[in-house]
Amino acid sequence: MADSYDLVVVGAGVAGLLAAVAARRLGDRVLVVDADSLAGGSTALSDGMMWLPDAQAPRSAPQDSVEDAAEYLDALLGSTTTASSAERRAAYVRTAGKLARWLISSNIPLAVEKGLGDDRPDLPGGRTGGRVLATQPFDRGVLGEWDDALRPAVEGGRGFLSRVLPGGRVTRTAGEALAGHLLHRATANGVDVWLDSPVVALQGGPDGITGVVVRRDDADVTVDAPRVLLASGGFERNQDLREEYLPLPTDAAWSTSGARNVGDLLTLAVSAGAATACLDEAWWKPVMLAEGRAWALDDARRAPHSLIVDSAGDRFFDESLPANAAGRALYERSRGMRAVPSFLVMDNRHRQSTPLGPWTAGSTPKKALDAGEIVRAGTLNDLAQALGIDRAGLLGSVVRFNGFASKGKDLDFSRGEAATAAPGDRGRRRGGSLGKVDKPAFWAVKVYPGDSGTKGGLVIDDRSRVLRADGTPLPGLYACGGAAASLFKGTCPGPGAALGAALVEAFLAATDRPSA
Ligand SMILES: Cc1cc2nc3c(=O)[nH]c(=O)nc-3n(C[C@H](O)[C@H](O)[C@H](O)COP(=O)(O)OP(=O)(O)OC[C@H]3O[C@@H](n4cnc5c(N)ncnc54)[C@H](O)[C@@H]3O)c2cc1C
């Protein structure tokens, strides 16, 4: 006999776990299945920031409101589209604050991240702070038998995401804390969680989805449910789908997402008649490659005594831009130039003072140099030669950049001046990311247009119901987070927008009732 639940959630990342907790609270019998042997998805590896305007959380900007957030989103997003409909935008701003307060009242403590503003605070309704929230530290011990089932934030354990409390107890922060809190709430309140259990088919078809088929212990198990929520992430780990949809060149190895997100549910839902949108978009993030994985370069590219050039040795953007805009800049440049990879060129002060990929400030392992993950040279000339960068181009760019640095003003790209540069320059004076590149040794790493997940997916409405091409809901099927087409189009409203949207959409799906 088939198992039967009120709601089956596919994916135990933050979106899936939040939906499970919310639906269980309303009395639903809920099953969460995940293909991975660990819960947490890419969320557990994330920075755990959530863009939730009007949260009125501790330290929130008191003057925030649903109306201001709506004005900001409209100014940022422009015209509406199927995925970025007026209804979805309204649902986001209406639900974000409510959700934040619901989480806090559910003993999932959140607080505003100081110093982090919207990506475009200059737009109407934009804010320079107060909308980005983070989960407070989490003690994995409370998970009991589920402790082993939660993905640790940094596999290999560098431990910078831990915090040691008085008495020696270690707590976890960032995305791992958020996933941990939610996994604890789910398992403690009677949600069934099956790990190592990929969904291999959807039950039903274009007339409606009635359940899923789960591969469990090498057997296919049918689970009936009137509501199936796809919280199965994006397709960032699927090279074929990347090449089909994302701008080229593209490589699954450039994604910082650690989850097994290969888009299999996307394909299954499309076969059942679901519409898709935004498949050429991702949450762009300039990355470097080392030790077999991608590392975000956000802090390193914003720190002084560095610049980014293309293969001609030319600068082409404000290196301190927010991640999404910086990643896009790499692709835009590569339309006319060899700009993938580009090069982050640093002088010795940068290497001595700023962490870079897996390496702490001042420490560069010989094996990284031997593997060519980072290049060091006594002169810029030699550095250019070692990397195949045009030498005259690089020297000219550095001379010009150093001139700007001594005047404290970047006349080409206004580095560090835009209000948008705020997230990377916490605590630094305006323009403080400018600094001469003139103290040997010189260093460089290759910069790729990586991502922290894809952004396109199934088209959903303001209740997170999956829509068919004719705009009608596909009965029984919901999607959220990485599995859904983002309402933010090619933009990013602020740090934490991916998680913010994943949570809001999951909440809307969990609290929707088909008859309503
Ligand atoms: C390094 C890093 C830092 C980031 N920092 C931030 C941040 O600070 N703020 C922010 O907003 N965003 C951030 N992001 C992005 C954010 O983490 C993701 O957008 C978000 O976690 C997506 O959540 P999700 O629940 O939709 O998917 P995921 O957390 O990826 O979960 C999807 C789950 O579905 C499972 N799954 C997939 N296919 C199947 C299947 N067939 N059957 C069963 N299960 C399946 C996967 O195993 C996975 O566990 C970051 C991402 C990375 C990689």
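Definitions and limits used
- Residues numbered from 1 in each chain as written.
- Predicted model: local features only at pLDDT ≥ 70, side-chain atom pairs only at ≥ 80, totals over all residues.
- Heavy atoms only, no water.
- Helix = DSSP H or I, 4+ residues; strand = E, 2+ residues; numbered from the N terminus.
- Rg over C-alpha atoms; globule rule 2.2 N^0.38 Å.
- Buried < 20%, exposed > 50% of the residue type's maximum accessible area, 1.4 Å probe, protein only.
- Contact = heavy atoms within 4.5 Å.
- Phe/Tyr/Trp six-rings, centres within 6.5 Å; stacked < 30°, edge-to-face > 60°.
- Lys NZ or Arg CZ within 6 Å of the ring centre and 35° of its normal.
- 1 Å grid on protein atoms, 1.4 Å probe; cavity = no way out; pocket = protein on both sides within 12 Å on 5 of 7 lines; lining within 4 Å.
- Points joined across faces, edges and corners; volume = space filled by probe spheres on them.
- Nonpolar A, V, L, I, M, F, W, Y, C, P; charged D, E, K, R; others polar.
- Domains from an automatic or database assignment.
- Pairing = 2+ DSSP bridges.
- Axes fitted to C-alpha atoms, helices over the stretch in contact; angles between N-to-C directions.
- Near = heavy atom within 4 Å.
- Polar contact = N/O pair within 3.5 Å; in protein donor to acceptor, adjacent residues only side chain to side chain.
- Areas by Shrake-Rupley, 256 points an atom, 1.4 Å probe, with all protein chains shown as cover.
- Disulfide = S-S within 2.5 Å.
- Salt bridge = Lys/Arg side-chain N within 4 Å of Asp/Glu carboxyl O.

Structural notes on the overall build of the chain
At step 1: Summing up its helical and strand segments, the chain has 13 helices and 23 strands in all.
At step 2: At 23 Å, the chain has a C-alpha radius of gyration in line with the 24 Å of a compact globule built from 516 residues.
At step 3: Projected onto the principal axes, the alpha-carbon positions of the chain cover approximately 70 × 55 × 50 Å.
At step 4: Classification of the 516 residues of the chain by burial places 58% in the buried group.
At step 5: Of the contacts formed within the chain by residues at least 6 apart in sequence, a portion of 73% connects residues at least 24 apart.

Remarks on the packing of aromatic side chains
At step 1: Summed over the entire model, instances satisfying the criterion amount to 10 aromatic pairs.
At step 2: Through a chain of ring-to-ring contacts, three or more aromatic side chains come together here, namely W51, Y72, Y92, W283 and F488.
At step 3: Against the face of W295 rests R293, its NZ or CZ located 3.7 Å from the ring centre.
At step 4: Lying across the ring of W283, K455 places its NZ or CZ 4.4 Å from the centre.

What about empty space enclosed by the protein?
At step 1: This structure, assessed with the given rule, holds two cavities of 30 Å³ or more.
At step 2: Along the wall of the largest cavity there are 13 residues; nearest its centre are G233, G234, G263, L266 and A483.
At step 3: Every element with two or more residues in the lining of the largest cavity is listed here: helix 6 (264-271) and strand 21 (457-458).
At step 4: Of the residues belonging to the lining of the largest cavity, the class tally is five nonpolar, seven polar and one charged.
At step 5: As for the second largest cavity, its lining consists of R88, A91, Y92, D461, D462, S464, L487, V504, E505 and L508.
At step 6: Taken together, the elements giving at least two residues each to the lining of the second largest cavity come down to helix 3 (86-105) and helix 13 (497-511).
At step 7: Here the residues of the lining of the second largest cavity sort into five nonpolar, one polar and four charged.

A closer look at the domain arrangement of the chain
At step 1: Domain parsing of the chain yields domain 1 (3-232 + 455-511) and domain 2 (284-451).
At step 2: For domain 1 versus domain 2, the distance between C-alpha centres works out to 33 Å.

A word on the sheet that holds strand 2 (residues 7-10)
Strand pairing in a sheet relies on backbone hydrogen bonds. The paired strands run either parallel or antiparallel.
At step 1: Taken together, six strands build an open sheet; the order of strands is 9-3-2-13-23-22 and the sheet is mixed. Whereas interior strands pair on both sides, the edge strands pair on one side only; in this sheet they are strand 9 (192-194) and strand 22 (465-467). Ignoring which end each strand starts from, the neighbouring axes of this sheet average 30° apart.
At step 2: Note that strand 3 (residues 30-33) and strand 9 share three bridges and pair parallel. Counterpart to L31 in the pairing with strand 9 is D192.

Notes on the site of the ligand
At step 1: By nearness alone, 37 residues border the ligand, and D34, S42, T43, N261 and L499 come closest of all.
At step 2: Here D47 contributes a backbone N or O atom positioned 3.0 Å from a nitrogen atom of the ligand.
At step 3: Interatomic distance of 2.8 Å between a side-chain N/O atom of N261 and an oxygen atom of the ligand.
At step 4: Coverage of the ligand by the protein chains reaches 94% of its 1000 Å² of free accessible surface.
At step 5: When residues of the shell around the ligand are traced back to their parent elements, those giving at least two are helix 1 (14-25), helix 6 and helix 13.
At step 6: Sorting elements by how many residues they give to the shell around the ligand places helix 13 first, with three residues.
At step 7: Classifying every residue of the shell around the ligand by side-chain character gives 15 nonpolar, 17 polar and five charged.

Comments concerning the state of the cysteines
At step 1: Enumeration over the complete set of coordinates arrives at zero disulfides.
At step 2: Of all cysteine sulfurs in the structure, the one in C492 sits closest to C278, which takes part in no disulfide; the separation is 12 Å.
At step 3: Judged by relative accessible area, C278 falls into the partly exposed class, the value being 21%.

As for the pattern of salt bridges
Two side chains carrying opposite charge are able to pair once their charged atoms lie near each other.
At step 1: If you walk through the whole model with that rule in mind, you get 30 salt bridges.
At step 2: Among the charged side chains, a network of salt bridges with common partners joins D64, D68, D118, R127 and R131.

Some words on the sheet that holds strand 4 (residues 49-51)
At step 1: One open sheet holds the three strands; their spatial order is 4-6-5, and the pairing between them is antiparallel. One side of each edge strand has no neighbouring strand; the edge strands of this open sheet are strand 4 and strand 5 (110-112). Sheet twist, expressed as the mean angle between neighbouring strand axes with direction ignored, is 35°.
At step 2: As paired elements, strand 5 and strand 6 (residues 132-135) share three bridges and run antiparallel to each other. Across the sheet, L110 pairs through a bridge with T135, a residue of strand 6.

Focus on unusual backbone geometry
At step 1: The omega angle of the peptide bond from V340 to P341 is 5°, so this bond is cis rather than trans.
At step 2: With respect to the helices and strands, P341 occurs in the loop between helix 8 (323-334) and strand 18 (342-346).
At step 3: The phi angle at D217 is positive, at roughly 50°, despite the residue not being glycine.
At step 4: Its relative accessible area of 73% is what places D217 among the exposed residues.
At step 5: A positive phi angle, near 70°, is found at C278, a position not held by glycine.
At step 6: Along the chain, the position of C278 falls in the loop between strand 14 (276-277) and strand 15 (282-290).

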